[in-house]
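Residues per chain, in single letters:
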Amino acid sequence: MTTTSYDLFVTGLKNAHAMENQALSIMKPQAARIESYPEVEAQLNRHIAETEGQITRLEGILDGLGEDRSSLKDMALSLAGTFAAAGHSVAPDEILKNSMANYAFENFEIAAYKSLIALAQASGHEEAIAPLQLNLEEELDMAEWLDGNIEAVTLQFAALKEAGATAKK
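Our subject in this report is the structure included herewith. Just so it is clear, the structure is predicted and the values come from calculations on it, not from any experiment. (Residues numbered from 1 in each chain as written. Predicted model: local features only at pLDDT ≥ 70, side-chain atom pairs only at ≥ 80, totals over all residues. Heavy atoms only, no water.)

A few words on the packing of aromatic side chains. For the structure on display, the rule yields 1 aromatic pair. Centre to centre, the rings of Phe105 and Phe108 are 6.2 Å apart; their planes meet at 40°, and the pair counts as tilted. In this pair, Phe105 and Phe108 are both assigned in helix α4 (residues 94–122), 3 residues apart and thus about one turn of the helix distant. Looking at Phe105, the relative accessible area reads 16%, which means it is buried. (Phe/Tyr/Trp six-rings, centres within 6.5 Å; stacked < 30°, edge-to-face > 60°. Helix = DSSP H or I, 4+ residues; strand = E, 2+ residues; numbered from the N terminus. Buried < 20%, exposed > 50% of the residue type's maximum accessible area, 1.4 Å probe, protein only.)

Structure below.
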């Protein structure tokens, strides 16, 4: 059985849908736990709203193709995201671990959307490019924000620790 660019595109869309659900299961607990980093909390909440929009755009593309979402992938990756978020919550440097993991995850999402855009073109589904490009731009913006703020978050964490304050979250 030959796999076509269309098959790869649909699989990629389902994977991206699950990936964005995983992102929500990571970011929502992080945002709820943040105490000492209001800028990070605000950025996470902004990106949570963007991610919900990304899921809606992915669902629109899948619906337009007459394809279902993969509930099993959604559930599995959401559960994995929940465990990842919980794992960092017990770390004394939770904010740093979350910042690094979020930056890595954003770059994974960027690669996924670049791949999906290429597959949309290869499979002749030009109508999917604009919503995928918007998702990509939002991921690039979040990755840029994380990259530009990791040093400030690290220094704020260090200052809080040196002052004897709870710097964990």
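Once that is clear, we can look at empty space enclosed by the protein. Applying the stated criterion across every chain yields a total of 3 cavities of 30 Å³ or more. Surrounding the largest cavity, Ala23, Ile26, Met27, Asn102, Phe105 and Glu106 form its lining. Going through the elements one at a time, α1 (5–33) and α4 are the ones with two or more residues in the lining of the largest cavity. A per-class count over the lining of the largest cavity returns 4 nonpolar, 1 polar and 1 charged. (1 Å grid on protein atoms, 1.4 Å probe; cavity = no way out; pocket = protein on both sides within 12 Å on 5 of 7 lines; lining within 4 Å. Points joined across faces, edges and corners; volume = space filled by probe spheres on them. Nonpolar A, V, L, I, M, F, W, Y, C, P; charged D, E, K, R; others polar.)

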